[in-house]
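Fold and geometry: a report
So you can see what is in the structure, the chains are spelled out below.
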Amino acid sequence: MAEERIDSINTRNTSVQATATYQRNIFTTREGIHQELGSNITNLLFVTQENSPIGSTLPFVYEKGLWKVSSKFYKSLPKKATFDRLTRCSVVGNSGSLLHSNCGKHIDEADFVYRCNAAPLKPFAADAGTKSSLTSFNPSIFGKRYKGIAKQSSLKKFVSDMQQYHGYLWGACFSGRSTLDLCMKAISGYNIKENVFVLAHPYHYKSFHDYWIRRGKKKLPSTGFYYASDALSRCNETHLYGFWPFPRAFDDISSYNVSYHYFEKLENEWKEPHAMNIEFSILVQLHLLGVVKIHNGKCE
Ligand code: CDP
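Per-chain numbering applies: the sequence of each chain, read as written, is numbered from 1 onward. The predicted nature of this model means local features are confined to residues of pLDDT at least 70 and side-chain atom pairs, given and counted, to a pLDDT of 80 or more, with totals for whole chains, interfaces and linings taken over all residues. Here the side-chain values reflect all heavy atoms present in the structure, with hydrogen atoms and water set aside.

**Some thoughts on the sheet that holds strand S5 (residues 134-137)**
How we decide: In this analysis, strands are considered paired if DSSP registers two or more bridges between them. Secondary structure elements are taken from DSSP: a helix is a run of H or I of four residues or more, a strand is a run of E of two residues or more, and numbering for both begins at the N terminus. Axis geometry follows a simple rule: fit a line to the C-alpha atoms, using only the stretch in contact for helices, then measure angles between N-to-C directions, giving values from 0 to 180 degrees.
Taken in spatial order, the 7 strands of this open sheet run S7-S6-S5-S4-S3-S8-S11, and their pairing is parallel. The open sheet has two edge strands with one neighbour each: strand S7 (195-199) and strand S11 (293-295). Neighbouring strand axes in the sheet, compared pairwise and without regard to direction, differ in orientation by 20° on average.

Structure (C-alpha cells):
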C-alpha cells in the first residue's frame, strides 16, 4: 500500500521522482561500485604483472593508441596489487583550508592515507599529518619542480624528495606516450626503500570517470575526487580533509581568504580546470547521506 502511494506520487510528480532517482544514483557504496565496475576493480589501481601480462595492451588516457606490454616493461612491474578491505581511510585534498586546522593527528589515525600530487609532508605535519599510504604524482611535477629530469642532478633531487613518502607513489603516467617515457626514465633511476613507484592503471581511472559520467558528471575527475571514489570502493569509512575549492571560507565569526594549495602559493591560483565546485557538491551530498565524512574547520 505504502509503495503504491510512493509510486503514484512519483508518476504524478516528476520532480519528486527525479530527486529520488538522483539520490539513488549518487548513493555510492562499496558493494554498489563492485557490482557496477566488477569486484576486481580494487586490484586495478596500478599496473602490475598480474593485471597486465606480456603482450597485453594498455590505453592512454588523453591520446589515441595503445601501449603493448613488452617483457622488459613487464619485469619492471610489481607482481600484484592485493588490498584487504580497509577500515578507515583519510583522503587529503590540497586546499589551503587545511592550514591551521590541526587535523594532522586525526588524518594519521586512519589505516590508509591518500595524498595528492606529492605535497610536502614535514612542514605541514600539524595540519596535514605525515602518514602516506598512496601518494599521487602527476608527471607535470617533473617539469615544474625537477626541470624535466633532463639532468642527473634533477633526477637525484626527485629521488631524494620522494623518500619522504611511504607505501605507493602513484604516477599518473598513462596520460600519453611522452609522459610514460618520462616516468620510465624516472623509474630507471629510482631505487629507494621507502616506497614503490607504481604506474596508475588507465582502465581504473577510466572506469571511475565513466561511473560518474553515468551519474551526470561531465568533466574529468580531479585527483582528490577520484581518490575519494577509490576509497569508497575499499574502505569502510572515508574521511576527507582539505577539500574546499573556494577562495574564501567562513568560521563562526568572520570570513577569510583561502589559498588554492596549503603548501604553495600559485599565480592565478583560482583558475582551476576540474569544476571542483561540482565535485564538492557531490561530496557534500555523499556527506549528508552518511557515505563520506568531510572535515572542514578545526579538528579537536
Ligand atoms: O591534481 P589536481 O589538480 O586534481 O589536484 P590538486 O590541486 O593537487 O589538489 C588535490 C585535490 O584536492 C584536488 O583534486 C581536489 O579534489 C582537492 N582540492 C580542493 O578540494 N580544493 C582546493 N582548493 C584544492 C584541491
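Next comes the rest of the description.
**Let's talk about a nonpolar patch on the surface**
Rules: Patch building starts from residues that exceed 30% relative accessible area and form no salt bridge, then joins like charges within 9 Å and nonpolar side chains (Val, Leu, Ile, Met, Phe, Trp, Tyr) within 5 Å. Per-residue accessibility takes into account occlusion by the displayed protein chains alone, with areas from the Shrake-Rupley method and a 1.4 Å probe. Salt bridge, as used here: a side-chain nitrogen of Lys or Arg that lies within 4 Å of a carboxyl oxygen of Asp or Glu. Only protein chains enter the calculation, and the probe is 1.4 Å; a residue is then buried if its accessible area is under 20% of its type maximum, exposed if over 50%, and partly exposed in between.
Taken together, the side chains of Val61, Tyr62 and Leu220 make up a nonpolar region of the molecular surface, amounting to roughly 270 Å² of accessible area. Relative to the helices and strands, leucine 220 resides in the loop between helix H10 (202-213) and helix H11 (223-234). A relative accessible area of 32% means that leucine 220 is categorised as partly exposed.

**Concerning the site of the ligand**
Applicable threshold: The near set for a molecule or strand comprises every residue that places at least one heavy atom within 4 Å of it. Within 3.5 Å is the distance limit for a polar contact, defined as a pair of N or O atoms, with the added protein rule that one can donate a hydrogen and the other accept it, and that residues adjacent in sequence qualify only through two side-chain atoms.
Taken together, 18 residues surround the ligand, and among them Asn94, Asn117, Thr223, Gly224 and His261 come closest. Note that an oxygen atom of the ligand is positioned 2.9 Å from one of the side-chain N or O atoms of asparagine 94. Here an oxygen atom of the ligand sits 3.0 Å away from a polar atom, N or O, in the side chain of serine 222. Here the ligand has 510 Å² of accessible area as a free molecule, and 93% of this is covered by the chains. With 3 residues, the single largest contributor to the shell around the ligand is H11.

**Overview of the packing of helix H3 (residues 30-37) against H11**
Defined as follows: Between 65 and 115 degrees an angle is taken as roughly perpendicular, under 35 as roughly parallel, over 145 as roughly antiparallel, and anywhere else as oblique. Residue contacts are defined here by distance: any two heavy atoms, one from each residue, within 4.5 Å place the two residues in contact. Lys, Arg, Asp and Glu make up the charged group, whereas Ala, Val, Leu, Ile, Met, Phe, Trp, Tyr, Cys and Pro make up the nonpolar group; the residues left over, Gly among them, are polar.
Axis separation between H3 and H11 bottoms out at 7 Å; the angle between their running directions is 100°. Here H11 runs roughly perpendicular to H3, going by the angle between their axes. Here Arg30, Ile33 and His34 of H3 lie close against H11, whose contacting residues are Ser229, Leu232, Ser233 and Arg234. When grouped by side-chain class, the residues that make up the contact of H3 with H11 number 2 nonpolar, 3 polar and 2 charged.

**Considering the confidence of the model for the protein**
Where we set the bar: For every residue, the predictor assigns a confidence score, pLDDT, that lies between 0 and 100.
For the protein, mean pLDDT is 89; residues scoring 70 or higher make up 91% of the total. Scoring the predicted complex yields pTM 0.91 and, for the interface, ipTM 0.99.

**Details of the packing of aromatic side chains**
Centre-to-centre distance and the angle between the planes together describe a pair of aromatic rings. The line we're drawing: Aromatic pairs are defined between Phe, Tyr and Trp rings, using the six-membered ring for Trp, whenever the two ring centres lie within 6.5 Å; interplanar angles under 30 degrees are classed as stacked, those over 60 as edge-to-face, and all others as tilted.
As enumerated under the stated definition, the model contains 29 aromatic pairs in all. Between phenylalanine 46 and phenylalanine 83, the ring centres sit 6.2 Å apart and the planes meet at 80°, which makes this aromatic pair edge-to-face. Remark: phenylalanine 83 occurs in the loop between helix H4 (71-75) and strand S3 (86-92) and phenylalanine 46 occurs in the loop between H3 and strand S1 (57-59); sequence separation between them is 37 residues. For phenylalanine 46, a relative accessible area of 0% translates into the label buried. An angle of 70° between the planes, with centres 6.5 Å apart, marks the rings of phenylalanine 158 and phenylalanine 197 as edge-to-face.

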